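# Structure assessment
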Amino acid sequence: KQEVTQIPAALSVPEGENLVLNCSFTDSAIYNLQWFRQDPGKGLTSLLLIQSSQREQTSGRLNASLDKSSGRSTLYIAASQPGDSATYLCAPQCSFSGNTGKLIFGQGTTLQVKP
Amino acid sequence: GAGVSQSPSNKVTEKGKDVELRCDPISGHTALYWYRQSLGQGLEFLIYFQGNSAPDKSGLPSDRFSAERTGGSVSTLTIQRTQQEDSAVYLCASSLEEGLWTQYFGPGTRLLVL
């Protein structure tokens, strides 16, 4: 059974800092891994999707890496801004036989960026 | 284009009543997922539809929960005889097909069972 752990659970930083959010998963048989952002009371916004054959993906100030063999992914946020304040969720999509591509979510990292 | 939409956005019901939650996926997306987000359990998978294939119901917590997808598009999640522990945010997501594609989420339906 896939289990996903995100560290830290919460993070508070001053504006401008570079951040690293960590995600680990127990089953390396994955199709891909998605990082999402969730604002309070809102749905999930997809940030990045890394295919299992890729090692990283970049979008603007965001960079996500994937080390499938060790079961780890990292989301790097450069030059953080108050608007980055949200909960960030990591979700690998499993690929074992019979699986339907459902996402398994971590508990998230709640980020607060102070002006 | 339009994203995933869900209705109602909020639902308050009494224990024992039935509720129906609706999801309209992105046009052309063949895969549709339901997830539940509750304080104690985080985000968990409920059910999955892909084209005309039999749905994967492995995440449904009890037989009070059921879902259907009509015409390969709109989906309805039904909870019968609601219990207080059913209170949660129910999220729907769609993707072009299973496996390699990004899942896009709707805003969710916040269900409160009194």
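Here is what the cut-offs are and how they apply
Residues numbered from 1 in each chain as written. Chains lettered and ligands numbered in written order. Predicted model: local features only at pLDDT ≥ 70, side-chain atom pairs only at ≥ 80, totals over all residues. Heavy atoms only, no water. Helix = DSSP H or I, 4+ residues; strand = E, 2+ residues; numbered from the N terminus. Rg over C-alpha atoms; globule rule 2.2 N^0.38 Å. Buried < 20%, exposed > 50% of the residue type's maximum accessible area, 1.4 Å probe, protein only. Contact = heavy atoms within 4.5 Å. Pairing = 2+ DSSP bridges. Buried area = accessible area lost by both parts, 1.4 Å probe. Salt bridge = Lys/Arg side-chain N within 4 Å of Asp/Glu carboxyl O. Polar contact = N/O pair within 3.5 Å; in protein donor to acceptor, adjacent residues only side chain to side chain. Axes fitted to C-alpha atoms, helices over the stretch in contact; angles between N-to-C directions.

The subject of this paragraph is the overall build of chain B. A tally of regular secondary structure across chain B gives zero helices and ten strands. When the elements of chain B are put in sequence order from the N terminus, they spell out β-β-β-β-β-β-β-β-β-β. Taking 13 Å as the expected radius of gyration for a compact globule of 114 residues, we find that chain B reaches 13 Å, a close match to that expectation. Principal-axis analysis of the C-alpha atoms places the extent of chain B at approximately 40 × 30 × 25 Å. Across the 114 residues of chain B, 49% fall into the buried class. Across chain B, contacts joining residues at least 24 apart in sequence account for 55% of those joining residues at least 6 apart.

What follows covers the pairing of strand β10 (residues 109-114) of chain A. Regular strands place side chains that alternate from one sheet face to the opposite one. Residue and element names in this part refer to chain A. Here β10 shows one buried face, formed by T109, L111 and V113, and one open face, formed by T110, Q112 and K114. When strand β2 (residues 10-14) meets β10, the two strands line up parallel, connected through five bridges. Along β10, the bridge assignment pairs P14 with K114. Here strand β9 (residues 86-94) pairs with β10 via three bridges, running antiparallel. What sits directly across from Y88, in β10, is T109.

Moving on to the environment of I50 of chain A. Structurally, the position occupied by I50 of chain A is in strand β5 (residues 44-51). Of the residues examined, I50 of chain A reaches a relative accessible area of 0% and is grouped as buried.

A separate point is the interface of chain B and chain A. The partner chain A presents 21 residues to the 21 residues of chain B that form the contact. Interface of chain B and chain A: buried area, both sides summed, is about 1600 Å²; carbon and sulfur atoms make up 50% of it. Linking chain B with chain A are zero salt bridges. One can count four residue pairs in polar contact (both at pLDDT 80 or more) joining chain B with chain A. Sorting the residues of the side of chain B that touches chain A by element identifies β4 (31-38) and β5 (42-50) of chain B as the ones contributing at least two each.

What follows is about the pattern of salt bridges. All names here are of chain B. Under the definition given, this model contains five salt bridges over all chains. In this structure, R22 and D24 form a salt bridge, with 2.8 Å as the shortest nitrogen-oxygen distance. Residue classification places R22 among the partly exposed residues on the basis of a relative accessible area of 37%. Judged by relative accessible area, which is 22%, D24 ranks as partly exposed. The closest approach of N and O atoms between R64 and D86, which form a salt bridge, is 2.8 Å.

All names here are of chain B. Ordered in space as β1-β3-β7-β6, the four strands form an open sheet in which the pairing is antiparallel. One side of each edge strand has no neighbouring strand; the edge strands of this open sheet are β1 (5-7) and β6 (65-69). Going across the sheet, the axis of each strand differs from the next one's by a mean of 15°, ignoring polarity. Bridge count between β6 and strand β7 (residues 75-79): five bridges; the pairing is antiparallel. Residue pairing for β7: E68 is matched across the bridge by T76.

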